[in-house]
Amino acid sequence: MNGSRIAAVGHYQPARVLTNEDLAGMVDTSDAWITSRVGIRTRHIAGPDEPVDELAAHAAAKALAAAGLAPHDIDLVLVATSTAVDRSPNMAARVAARLGIPRPAAMDVNVVCAGFTHALATADHTVRAGAAARALVIGADKMSDVTDWTDRSTCVLVGDGAGAAVVEASAEPGVGPVLWGSVPEMGHAVRIEGEPARFAQEGQSVYRWATTQLPPLARQACERAGYAPADLAAVVLHQANLRIIEPLAEKLGAVNAVIARDVCESGNTSAASIPLALSKLVERGAISSGDPVLLFGFGGNLSYAGQVVRCP
């Protein structure tokens, strides 16, 4: 085996849906204002009895079932999240316990909105090195826990959810080389900090960075995998804001690709957004097994990570 592949994906969202009209009754905003600025219409919000590891475990269980695997087949669990309440046990260990996975390596990855693609690259490297045979890679965030619901500039953006992928060894590489990096001196542009922790961002700075600096980096991720943007069947960017997703995709030049726009119904779910959107594309048959798909995460820490994967 000289590569890894995504064998299956799964996703989960809480039952409660919060609409723009609902938000208009909470803060000074409107459906027209939200839709025109960020493209979001609805988002799912977890209840107080739905912790992050529960969201993650639901998504992971669906991915395991889709792959035809049992918990004991997994020897590495990686959870990308920035909304864990406790420091220990970590989310990965809690998910492993919920699913009954025996003796896995269990690690959390906190790269905020780019967390899933960082975790996927880590799983790919680990599997290719022979240190694990099968990994569960999960992006899960409960952004509602870190949101100031009186701040209309941020509360209209966020949603809760989880997405997961099973990564396993493969004779043919199905996860392309990662392109990753950060702009640490601009880390203040997206923050979850304070007591209690609250999400805040410098929206214009993030918008300019994402729409001007990221398109050439996304093209480099394609080049590393041996693809031109026009070869892509789908592009799944971090679901931050439709006004970022659409110009970034246009500048990338993926003219034949399905562009994930799950942000419209799910909001910004941070590390969950890419696997959540990918799983929905697979579920509804928008892409086929073996299709090349660019995954590209960006955001907190002004970090980014992207790779081309073969659709499971």
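Numbering of residues begins from 1 in every chain and follows the order in which that chain's sequence is written. Local features in this predicted model are restricted to residues of pLDDT 70 or higher, and side-chain atom pairs are both shown and tallied only at a pLDDT of 80 or more, whereas totals for entire chains, interfaces and linings draw on every residue. Where side-chain values are given, they derive from all heavy atoms of the structure, hydrogens and water being excluded.

## Details of the nonpolar core
Quick note on the threshold: Put simply, a nonpolar core is a bunch of buried Ala, Val, Leu, Ile, Met, Phe, Trp, Tyr and Cys residues held in one set by side-chain atoms that sit within 4.5 Å of each other. Summary of the burial criterion: residues with accessible area below 20% of their type's maximum are buried, those above 50% are exposed, and those between are partly exposed, where the area comes from a 1.4 Å probe applied to protein chains only. Segments assigned H or I by DSSP are reported as helices when at least four residues long, segments assigned E as strands when at least two residues long, and all are numbered from the N terminus.
Leu 214, Leu 232, Val 235, Leu 294, Phe 296 and Phe 298 are the most contacted members of the largest nonpolar core, which has 47 residues in total. Mapped by element, the contributors of at least two residues to this core are helix H2 (31-38), helix H7 (203-224), strand E11 (234-237), helix H8 (242-252), helix H9 (263-266), strand E13 (292-299) and strand E14 (303-310). A total of eight residues in this core trace back to one element, the largest contributor, which is H7. Counting 32 residues, the second-largest nonpolar core is a separate cluster that includes Ile 6, Ala 80, Ala 119 and Val 236.

## Remarks on the packing of helix H3 (residues 52-67) against helix H4 (residues 91-99)
Stated formally: To get an axis, fit a line to the C-alpha atoms, keeping to the stretch in contact for a helix; angles then go from 0 to 180 degrees between the N-to-C directions. For classification purposes, angles smaller than 35 degrees are called roughly parallel, those larger than 145 roughly antiparallel, those between 65 and 115 roughly perpendicular, and all remaining angles oblique. Here a crossing is called left-handed whenever its near helix is offset anticlockwise from the far helix by less than a right angle, and right-handed whenever the offset is clockwise. Should any heavy atoms of two residues lie within 4.5 Å, those residues are considered in contact. Charged means Asp, Glu, Lys or Arg here, nonpolar means Ala, Val, Leu, Ile, Met, Phe, Trp, Tyr, Cys or Pro, and polar covers whatever is left, Gly included.
One can describe the packing of H3 onto H4 by two numbers: an axis separation of 9 Å at closest approach and a directional angle of 55°. Comparing the axis directions of H3 and H4 gives the class oblique. As H3 runs across H4, the sense of the crossing is right-handed. Residues Val 52, Asp 53, Glu 54, Ala 56, Ala 57, Ala 60, Ala 61 and Leu 64 of H3 lie in contact with H4, whose contacting residues are Met 91, Arg 94, Val 95, Arg 98 and Leu 99. Here the residues of the contact of H3 with H4 sort into nine nonpolar, no polar and four charged.

## Some remarks on helix H10 (residues 273-283)
Here H10 lies mainly inside the structure; nine of its 11 residues are buried. The set of residues buried in H10 consists of Ser 273, Ile 274, Pro 275, Leu 276, Ala 277, Leu 278, Ser 279, Lys 280 and Leu 281. At the exit of H10 stands Gly 285, carrying a positive phi of roughly 75°.

## Let's talk about the sheet that holds strand E6 (residues 134-142)
Pairing between the strands of a sheet is mediated by backbone hydrogen bonds and can be parallel or antiparallel. Short version of the rule: The rule for pairing is simple: two strands pair if DSSP sees at least two bridges between them.
On the basis of which strands lie adjacent, the open sheet formed by five strands has the order E1-E7-E6-E4-E5 and mixed pairing. Of all the strands in the sheet, just strand E1 (3-12) and strand E5 (105-109) have a single pairing partner and so form its edges. Neighbour-to-neighbour, the strand axes of this sheet turn through a mean angle of 20°, independent of strand direction. With nine bridges connecting them, E1 and strand E7 (residues 160-170) associate as antiparallel partners. In the strand pairing of E7, His 11 is matched with Gly 163. Helix-sheet contacts for H3 involve E1, E6 and E7, and the interaxial angle to E1 is about 125°.

## Examining the side chain of Asp 262
Operational definition: We call two N or O atoms a polar contact when they sit within 3.5 Å, provided that within protein one can donate a hydrogen and the other can accept it, with sequence-adjacent residues counted only if both atoms are side-chain atoms.
Mapped onto the fold, Asp 262 is located in the loop between strand E12 (258-259) and H9. In terms of polar contacts, Asp 262 uses its side chain to reach the side chain of Ser 266, at 2.8 Å. Here the side chain of Asp 262 touches Lys 280 through a polar contact of 2.8 Å, side chain to side chain. Sequence-distant contacts of Asp 262, defined by excluding residues within four places in its chain, comprise Gln 239, Gly 267, Leu 276, Ala 277 and Lys 280.

## Quick notes on the packing of aromatic side chains
Stated precisely, the cut-off is as follows: Stacked, tilted and edge-to-face pairs are distinguished by plane angle, under 30 degrees for stacked and over 60 for edge-to-face with tilted covering the rest, among Phe, Tyr and Trp rings (Trp via its six-membered ring) whose centres lie within 6.5 Å. Only when the NZ of Lys or the CZ of Arg is both within 6 Å of the ring centre and within 35 degrees of the ring normal is a charge said to sit over the ring.
Taken as a whole and judged by the stated rule, the model has two aromatic pairs. Note on Trp 209 and Phe 298: the rings are 6.5 Å apart at their centroids and 70° apart in plane angle, and the pair reads as edge-to-face. Of the two residues, Trp 209 is situated in helix H7 and Phe 298 in strand E13; the sequence distance between them amounts to 89 residues. Each member of the pair, Trp 209 as well as Phe 298, carries the same accessibility label: buried. Ring plane angle 10° and centroid distance 6.4 Å describe the contact between Phe 296 and Tyr 304, whose orientation is recorded as stacked. Accessibility expressed as a relative area gives 0% for Phe 296, which makes it buried. In this structure, Arg 152 packs its charged tip against the face of Trp 33, placed 4.4 Å from the ring centre. Looking at Arg 243, its charged tip hangs above the ring of Tyr 207, at a distance of 5.6 Å from the centre.

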